[in-house]
Amino acid sequence: MASIVPIRRALLSLSDKDGLDALAAGLARHGVELVSTGGTAAKLRELGHKVRDVAELTGFPEMMDGRVKTLHPKVHGGLLGVRNNPEHAAAMAEHDIAPIDLVVVNLYPFEATVAKGAARDDIIENIDIGGPSMVRSAAKNHDHVAIVTDPADYPALLEQLDAHGGTNLDFRRKLAAKAYALTAAYDVAISTWFARVDQSEIFPARRSMSSTLIMPLRYGENPHQKAALYASAGPATRGIAQARQVQGKELSYNNLNDANAALELVAEFQGGPPTAVIVKHANPCGVASGDTLAEAWAAALACDSVSAFGGIVAVNRPLDAATAAAIGAIFTEVVVAPDADADARDILARKKNVRLLLTGGFPDPARGGQIVTVIAGGVLVQERDNGMLTDAMLKVVTKRAPSARELADCRFAWTVAKHVKSNAIVYAKDGATAGIGAGQMNRRDSARIAAAKAIEAATTMGWPEPRTVGSAVASDAFFPFADGLLAAVEAGATAVIQPGGSMRDAEVIAAADAAGLAMLFTGMRHFRH
């Protein structure tokens, strides 16, 4: 079997007609017969090309609002016939089935139709049937047929024609692989939509996923691991995967993972006062709000300036020059912002290793969706932790209720704790973290580590006492024993916010009352493993 297959007849059926003019001109230059459908045929004629309607090829008119036009043996026989198989060749000759050497198809815009909020009937009509069928037939018979599903491949196709007068096998195999990936992703989008609109199918019996490669990465968490960045299919989200890199060297796997953690946390403060978040190894090490971004940055940095070195910064306002200059004063890997003014960009441009990512907005902290974790032999799937604290959830369980300032600090600490690896303890005072304890095997140690960081910060900053004195403390899960709460008392906390629900709640409440603390129960846990 010869590797080069000449292209004598091409079938074109396109919903996206970008690049069609150059493609059609190239095919015409090589004397390729063009067969097409409806709108594509009309566009080709408008461009001045001779086109044979698919209805003429099949002897059957398009019908049922275009639902039936290419689903015909004269189309699929022309695609699936194995040219060097005598039985196939005889059947094609007997039934007057002409071979089709090239198929150029892109599918009905199902995802775009869903994204724009179309009615159900409109969405159903944008489920392509004939297109995927042609794609699969042509891809299966790629020894003899080239299948092009991406306008980005038009130039390469024409290069093949110019160089060989046809397509070689290696090229057709690559096109076939890409085609099957497309139809798989298309079916995933449809099945996901059905599962989403039918809330009884949150976890269907068969689960599929689809994503699109954005770029390969230098390596994964470690140099011996390969890695890549993909964009999720489905409703658009303003996230790290969609951010525009303005400057700086290539992003790494760890950069992107940490930048995502920073963006997800700072998104909790969108619409609030200027806020800065510093993340290291996916954990916040400093978070603060202020009258300006520069003030917020300074307060966030003061929480743990040691961990901030080489960290990732996210802000909830367009980046200004004063904040950019302050951030640039220490080694920072990535800065994430919705935007940045010209002066801020110029300042960070002097720091060649700093990556500046502009997101144009924030993901919605309350959005739905699912999180997938790969385990040996399977995957764990859960809904996103989009739980938001409301006034109705808060329950004062101690003799003393929190003051207005303590309540504000409780809310701030609780928001940060939601994004800290468990076991998580967060002290906050006056809209800034005072100490963060993350990822420990027991809650008492997290409380003590957070307090120790606050003492170190006070020494570094020359404060008379650590900022845990008079602070509020948040715990991502209940205190199973009073020891964790007593560690917070030792650090100087005056208010506590926690989920509650322990068998020893009464013991913990009694310890809080004995220390004169105000304590709130939320009834919601925020484990993050």
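Refer to the structure printed above.
Novice: Looking at this model, I keep getting lost on the sheet that holds strand β4 (residues 52-53). Mind explaining?
Specialist: Where strands meet in a sheet, backbone hydrogen bonds hold them as pairs that are either parallel or antiparallel. Spatial ordering of the open sheet is given by β4-β3-β2-β5-β6, a layout of 5 strands whose pairing is parallel. Both edges of this open sheet fall to β4 and β6 (146-148), since each of them pairs with a single strand only. Pairing geometry for strand β5 (residues 102-106) and β6, over 3 bridges, is parallel. Within β6, the residue paired with Val103 across the bridge is Ile147. Its contacts with the sheet place helix α2 (residues 38-46) against β2 (9-14), β3 (33-36) and β4, and it is angled at close to 140 degrees to β3.

Novice: Honestly, empty space enclosed by the protein in this entry has me stumped. Any pointers?
Specialist: One water molecule sets the probe size; rolling that probe over the atoms shows where empty space is left. Evaluated as defined, the whole model comprises 1 cavity of 30 Å³ or more. Its volume calculated, the largest cavity comes out at about 60 Å³. Lining the largest cavity, in full, are Ala302, Cys303, Asp304, Ser305, Val306, Lys453, Glu456, Ala457, Thr460 and Met461. Among the elements that line the lining of the largest cavity, the one with the most residues is helix α17 (residues 443-461), at 5 residues.

Novice: I tried to follow helix α9 (residues 154-164) on my own but got confused; where do I start?
Specialist: Among the residues of α9, those classed as buried are Tyr154, Leu157, Leu158, Gln160 and Leu161. On an axial view of α9, the arc spanned by its buried residues comes to 150 degrees, and they lie on one face. Turned more than 90 degrees off the buried face of α9, the exposed positions are Glu159 and Ala163. Positive backbone phi, approximately 75 degrees, marks Gly165, located one or two places after α9.

Novice: Hey, could you run me through the packing of helix α18 (residues 482-491) against helix α19 (residues 505-514) in this one?
Specialist: When two helices pack together, their arrangement is given by the angle between the helix axes and the distance between those axes. Direction vectors running N to C along α18 and α19 enclose 20 degrees, while the axes themselves pass 9 Å from each other. Here α18 lies roughly parallel to α19, going by the angle between them. Our pair here, α18 against α19, has a crossing hand that is right-handed. Of the residues in α19, those in contact with Ala482, Leu485 and Leu486 of α18 are Glu507, Val508, Ala511 and Ala512.

Novice: Would you explain helix α10 (residues 169-197) in this entry?
Specialist: One turn of the α-helix equals 3.6 residues, which is why residues spaced by three or four share an orientation. With 29 residues, α10 extends 42 Å between its outermost C-alpha atoms, agreeing within 8% with the 42 Å of an ideal straight helix rising 1.5 Å per residue. Where α10 begins, the side chain of Asn168 points an oxygen toward the backbone nitrogen of Asp170, at a separation of 3.3 Å.

Novice: Quick question: what am I supposed to make of the packing of aromatic side chains here?
Specialist: Any two aromatic rings considered together are summarised by their centre-to-centre distance and by the angle between their planes. For the structure shown, the criterion picks out 5 aromatic pairs. Centroid distance Phe110 to Trp193: 6.1 Å. Interplanar angle 85 degrees. Geometry classified as edge-to-face. With Phe110 in helix α6 (residues 110-115) and Trp193 in helix α10, this pair connects stretches of sequence that are 83 residues apart. We classify Phe110 as buried; its relative accessible area is 2%. Measuring from ring centre to ring centre gives 5.4 Å for Phe269 and Phe412, while their planes differ by 45 degrees; the resulting arrangement is tilted. Within this pair, whereas Phe269 is found in the loop between α11 (253-266) and β11 (275-280), its partner Phe412 is found in helix α16 (residues 404-417), the two being separated by 143 residues in sequence. Looking at Phe412, the relative accessible area reads 8%, which means it is buried. Within the aromatic cluster, the residues linked to one another by ring pairs are Phe110, Tyr186, Trp193 and Phe194. Taking the ring centre of Trp463 as reference, the NZ or CZ of Arg467 above it sits at 5.8 Å.

Novice: Honestly, unusual backbone geometry in this entry has me stumped. Any pointers?
Specialist: Peptide bonds are trans in most cases, and residues, glycine excluded, mostly fall at negative phi. Cis peptide bonds are those with omega within 30 degrees of zero, and the linkage from Ser422 to Asn423 qualifies with -5 degrees. On the secondary structure map, Asn423 appears in the loop between α16 and β19 (425-429). Not every positive phi belongs to a glycine, and His281 is a case in point at roughly 55 degrees. Mapping His281 onto the fold places it in the loop between β11 and β12 (283-289). By relative accessible area, which is 63% here, His281 ends up exposed.

Conventions we followed
- Residues numbered from 1 in each chain as written.
- Predicted model: local features only at pLDDT ≥ 70, side-chain atom pairs only at ≥ 80, totals over all residues.
- Heavy atoms only, no water.
- Pairing = 2+ DSSP bridges.
- Helix = DSSP H or I, 4+ residues; strand = E, 2+ residues; numbered from the N terminus.
- Contact = heavy atoms within 4.5 Å.
- Axes fitted to C-alpha atoms, helices over the stretch in contact; angles between N-to-C directions.
- 1 Å grid on protein atoms, 1.4 Å probe; cavity = no way out; pocket = protein on both sides within 12 Å on 5 of 7 lines; lining within 4 Å.
- Points joined across faces, edges and corners; volume = space filled by probe spheres on them.
- Buried < 20%, exposed > 50% of the residue type's maximum accessible area, 1.4 Å probe, protein only.
- Arc of directions from axis to C-beta.
- Parallel < 35°, antiparallel > 145°, perpendicular 65-115°, else oblique.
- Left-handed = near helix turned anticlockwise from the far one by under 90°.
- Expected span 1.5 Å × (residues − 1).
- Polar contact = N/O pair within 3.5 Å; in protein donor to acceptor, adjacent residues only side chain to side chain.
- Phe/Tyr/Trp six-rings, centres within 6.5 Å; stacked < 30°, edge-to-face > 60°.
- Lys NZ or Arg CZ within 6 Å of the ring centre and 35° of its normal.

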